[in-house]
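# Notes for the structure review
Residue-level listing of the chains:
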Amino acid sequence: MSFFSFGQSAEIDIVLNDAETRKKVEHKAEDGKKDKYFLFYDGETVSGKVNVTLKNAGKRLEHQGIKIEFIGQIELYYDRGNHHEFVSLVKDLARPGELTQSQTFDFEFTHVEKPYESYTGQNVKLRYFLRATISRRLNDVVKEMDIVVHTLSTYPELNSSIKMEVGIEDCLHIEFEYNKSKYHLKDVIVGKIYFLLVRIKIKHMEIDIIKRETTGTGPNVYHENETIAKYEIMDGAPVRGESIPIRLFLAGYELTPTMRDINKKFSVRYYLNLVLIDEEERRYFKQQEITLWRKGDIVRKSMSHQAAIASQRFEGSSSIESKMQAQAQAQAQAQAKEDGN
């Protein structure tokens, strides 16, 4: 904003029409601090008022026009001079002239397309904002107001489970299974790990959620990995035939939806990383990508109820455990017959 020691100057304030009722959400800024911003979704109208307040009563303010813009842009931190705008709308509020008193201007951007989710990462920032400008010969008077956009998704019921193996020939054979491959941001990851062969001494096992941010193209590609969560599965040595359940609640972590090739500038992907550490501090790991998505605010059941339902569905479809149970039942029946004889 510009102020002058002589002549007239002005302050700009942007007020949304539904400011009293519109929901606010926390969003992380570039410096890591969180603040609350008005929340919008794709296709929603953005409307309000621009209040221009003259600082010096009795003096006029000459200008070359007053306008307001709605902008969606991507900023790559290694290329700060260039802002890549994917949404740019302009409304002229006043033609060139002069203001003799404070004035309010109405604006409305109808059914605005907001195709991507707001995001602040380690190397990139995607933001939406309103910018009001009083054009002047020497210095423009400018006011910006950021908003946050969430993208909502729905996935079909078809959501296949993840089954993988970790093995070292003649030493270790582990199978692990997660109940599905796509999770909403408040979901519960339910899974099981089966030890089929254990000939090395494992002292620790954990699951990590890793966020991988990829920015740039061609030779200017940057990868940043961040460990969002660590979940200890086991502390001690497992034995052959043992199975360990996993139940990881996502609601407690700072997660975003999976973002793939956003405006051909960046991607954000998430991985489950299974880590095993033996007594000689050797590490064995296996990664699997999962898809995260945001669903709308609906009446949610309690988290424990969600976990119970997910666990029941998963256990019902768990082929490995079914085989193990069947084998145990067969052995018990055979033993009962021998005892009877």
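Residues numbered from 1 in each chain as written. Predicted model: local features only at pLDDT ≥ 70, side-chain atom pairs only at ≥ 80, totals over all residues. Heavy atoms only, no water.

Another aspect to go through is the overall build of the protein chain. A tally of regular secondary structure across the protein chain gives 2 helices and 22 strands. Scored against the burial criterion, the 341 residues of the protein chain give a buried share of 43%. Put simply, of all contacts in the protein chain between residues at least 6 apart along the chain, 69% involve residues at least 24 apart. Counting only carbon and sulfur atoms, one obtains 45% of the accessible surface of the protein chain, whose full area is about 19000 Å². (Helix = DSSP H or I, 4+ residues; strand = E, 2+ residues; numbered from the N terminus. Buried < 20%, exposed > 50% of the residue type's maximum accessible area, 1.4 Å probe, protein only. Contact = heavy atoms within 4.5 Å. Areas by Shrake-Rupley, 256 points an atom, 1.4 Å probe, with all protein chains shown as cover.)

Moving on, we come to the pattern of salt bridges. Summed over the entire model, instances satisfying the criterion amount to 20 salt bridges. Measuring nitrogen to oxygen at the nearest pair gives 3.5 Å for the salt bridge that ties Arg 60 to Glu 62. Given the relative accessible area of 49%, Arg 60 is considered partly exposed. Arg 127 is the partner of Asp 146 in a salt bridge, and the nearest nitrogen-oxygen pair spans 2.9 Å. Separated by 19 residues along the polypeptide, Asp 146 in strand E12 (residues 141-149) and Arg 127 in strand E11 (residues 124-134) bring together distant segments of the chain. With relative accessibility at 27%, the residue Asp 146 sits in the partly exposed group. Taking the relative accessible area as the measure of exposure, Arg 127 reaches 15% and is therefore buried. Look at the salt bridges and you will find they share partners, linking Glu 69, Arg 127, Arg 131, Glu 144 and Asp 146 into a network. (Salt bridge = Lys/Arg side-chain N within 4 Å of Asp/Glu carboxyl O.)

Before going further, it helps to spend a moment on the packing of aromatic side chains. Enumeration over the complete set of coordinates arrives at 8 aromatic pairs. Taking the centre distance of 6.2 Å and the plane angle of 45° together, the rings of Phe 70 and Phe 109 count as tilted. You can see Phe 70 sitting in strand E6 (residues 66-76) and its partner Phe 109 sitting in strand E9 (residues 103-109), a full 39 residues away along the chain. The residues Phe 70 and Phe 109 share a single accessibility class, namely buried. A connected cluster of aromatic rings, assembled from ring pairs, spans Phe 70, Phe 86, Phe 107, Phe 109, Tyr 116 and Tyr 128. Sitting over the ring of Phe 129, Arg 127 keeps its end group 3.8 Å from the ring centre. Stacked on the ring of Tyr 271, the Lys or Arg Arg 212 has its end atom at 4.5 Å from the ring centre. (Phe/Tyr/Trp six-rings, centres within 6.5 Å; stacked < 30°, edge-to-face > 60°. Lys NZ or Arg CZ within 6 Å of the ring centre and 35° of its normal.)

Moving on, we come to the sheet that holds strand E19 (residues 243-249). Strand order across the open sheet formed by 4 strands is E13-E14-E16-E19, with antiparallel pairing between neighbours. Each having just a single partner strand, strand E13 (162-168) and E19 make up the two edges of the open sheet. Adjacent strand axes in the sheet meet at a mean angle of 20° when their direction is disregarded. (Pairing = 2+ DSSP bridges. Axes fitted to C-alpha atoms, helices over the stretch in contact; angles between N-to-C directions.)

Our next topic: the environment of Glu 165. Considering the arrangement of structural elements, one finds Glu 165 in strand E13. Each C-alpha atom, one on Glu 165 and one on Ile 193, is 9.6 Å from the other, the two residues being 28 residues apart in sequence.

Another point: the confidence of the model for the protein chain. Summarising the model, the protein chain shows a mean pLDDT of 83, and 82% of its residues fall at 70 or more. In the predicted structure, residues 1-5 sits below a pLDDT of 50 and forms 18 contacts with residues beyond four places in sequence or in another chain. With pLDDT under 50 throughout, residues 316-324 is counted as low confidence; its partners more than four residues away or in other chains account for 12 contacts. (pLDDT = per-residue confidence, 0-100.)

This brings us to the pairing of strand E1 (residues 10-16). Only one face of E1 is covered, namely the one carrying Ala 10, Ile 12, Ile 14 and Leu 16; the face carrying Glu 11, Asp 13 and Val 15 has none of its residues buried. Strand direction decides the pairing type here: E1 and strand E4 (residues 46-54), joined by 7 bridges, are antiparallel. Residue pairing for E4: Ile 14 is matched across the bridge by Val 50.

This next bit is on the sheet that holds E9. Spatially, the 3 strands line up as an open sheet ordered E1-E4-E9, and their pairing is antiparallel. Unpaired on one side and paired on the other, E1 and E9 mark the two borders of the sheet. Strand-to-strand, the axes of this sheet are offset by a mean angle of 20°, without reference to chain direction.

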